[in-house]
Amino acid sequence: MNAGSSLHERRRLLTESELQAVPWLAHLLPDERDRIVPELRVSEAAPGDLVCRIGRPVTYWFGIIDGLLKMNTVTDDGRAITYSGLAAGGWFGEGTVLKRESYRYNIQALRKSRVAGLPVDTFHWLLDHSIGFNRFVMNQLNERLGQFIVALEVGRAASPEQRVARNLAALVNPVLFPGVGEVLRITQQELAYLVGLSRQRVNEALAALQARGVLRIEYGGLRIVQAQALRRADF
């Protein structure tokens, strides 16, 4: 894929189980699926690998079979800003693909992740021929707009609890990340990278959210009990 020769050289066809983890394939007609499946590729990204890099031209629409990625950028004065995390089942960057632009952000693996890609030209062919695919992309864009509005309402000046809640709510969004399931598999250090807080502050925020009954801290992850409360983040 386009982020580096190692990812590109490791790409391969998807297995049947990996194809089942691609949510939009179910929206295609049989002849559309038959045309598209041979063009999909998947590659394993190691922690720290860049799937997308600022300034590189877009060549694929990407999705996560499993793993955890982050979307970030670096300001002119060298500050790193993380926009969001990207979890299993999520496909991202459709806005960049639609406009055939260069990336304005980095997508980096936080842990070992399997990342699938659909070529840009194939993406546009689906837009021209598949009603089901168009509906899927429209729903994606609508959900992202909703998340953007919430992010503006909460703001970077929010309390640690609100910032953690907002990021967790984004990661367990069933439309954008249908592969997450009941338990979000994430470490406190990974969450700290996404939220922009220390691990200790994240730990304190999670303990407070657990005390409110919003989530439960379990071995290897977090069980979300009240997703609506996370989305509101009105603590």
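Because the structure is predicted, anything quoted here is derived from the model rather than measured. (Residues numbered from 1 in each chain as written. Predicted model: local features only at pLDDT ≥ 70, side-chain atom pairs only at ≥ 80, totals over all residues. Heavy atoms only, no water.)

Engineer: Explain the sheet that holds strand S7 (residues 106-109) to me, using residue names and the numbers behind them.
Structural biologist: Taken together, 4 strands build an open sheet; the order of strands is S2-S7-S4-S5 and the sheet is antiparallel. In this open sheet, the two edge strands, each paired with only one partner strand, are strand S2 (50-52) and strand S5 (80-86). Within this sheet the neighbouring strands show an average axis-to-axis angle of 35°, counted without direction. In terms of strand pairing, strand S4 (residues 69-74) meets S5 through 6 bridges, oriented antiparallel. Considered in S5, the bridge of Thr-73 is made with Ile-81. Helix H8 (residues 188-195) rests against S4 and S5 of the sheet, and its axis sits at about 125° to S5. (Pairing = 2+ DSSP bridges. Helix = DSSP H or I, 4+ residues; strand = E, 2+ residues; numbered from the N terminus. Axes fitted to C-alpha atoms, helices over the stretch in contact; angles between N-to-C directions. Contact = heavy atoms within 4.5 Å.)

Engineer: Please give an account of the pairing of strand S10 (residues 215-218) that cites residues and values.
Structural biologist: Successive residues of a regular strand alternate their side chains across the two faces of the sheet. As paired strands, S10 and strand S11 (residues 221-224) are joined by 4 bridges and run antiparallel to one another. Among the inter-strand pairings, Glu-218 is bridged to a residue of S11, identified as Gly-221.

Engineer: A description of a nonpolar patch on the surface should follow, citing residues and the corresponding values.
Structural biologist: Taken together, the side chains of Leu-145, Phe-148 and Ile-149 present a nonpolar region at the surface, about 300 Å² in accessible area. Mapping Ile-149 onto the fold places it in helix H6 (residues 131-154). (Patch = residues over 30% accessible without salt bridge, like charges linked within 9 Å, V, L, I, M, F, W, Y side chains within 5 Å. Areas by Shrake-Rupley, 256 points an atom, 1.4 Å probe, with all protein chains shown as cover. Salt bridge = Lys/Arg side-chain N within 4 Å of Asp/Glu carboxyl O.)

Engineer: Please set out the nonpolar core residue by residue, giving values where relevant.
Structural biologist: Membership of the largest hydrophobic core comes to 69 residues, with the highest contact counts inside it found for Trp-24 and Val-164. Residues within four places of Trp-24 in sequence aside, it is in contact with Ile-36, Leu-40, Trp-61, Trp-91, Leu-118, Leu-126, Phe-133 and Phe-136. (Core = buried A, V, L, I, M, F, W, Y, C linked by side-chain atoms within 4.5 Å. Buried < 20%, exposed > 50% of the residue type's maximum accessible area, 1.4 Å probe, protein only.)

Engineer: I'd like to hear about the side chain of Glu-18, residue by residue, with values.
Structural biologist: The topology assignment puts Glu-18 in helix H2 (residues 16-20). The class of Glu-18 is buried, set by a relative accessible area of 2%. With residues up to four places along the chain from it excluded, the contact list for Glu-18 reads Arg-12, Leu-13, Val-42, Ile-65 and Arg-114.

Engineer: Can you lay out the confidence of the model for the protein chain for me, pointing to particular residues and giving the numbers?
Structural biologist: On average, residues of the protein chain score 90 in pLDDT, and 93% of them are at 70 or above. In the model of the protein chain, helix H1 (residues 5-9) stands out as the element of lowest mean pLDDT, 72, in contrast to helix H5 (residues 120-129), which has the highest, 98. (pLDDT = per-residue confidence, 0-100.)

Engineer: Explain the pattern of salt bridges to me, using residue names and the numbers behind them.
Structural biologist: Where charged atoms from two side chains of opposite charge come close, those side chains can pair. A full pass over the atoms with the stated rule returns 16 salt bridges. With a closest N to O distance of 2.5 Å, Glu-94 and Arg-144 form a salt bridge. Residue Glu-94 is located in helix H4 (residues 94-99), and its partner Arg-144 is located in helix H6; the two are separated by 50 residues in the primary sequence. For Glu-94, a relative accessible area of 1% corresponds to the buried category. By sharing partners, the salt bridges in this structure join Arg-12, Glu-18, Asp-66 and Arg-114 into a single network.

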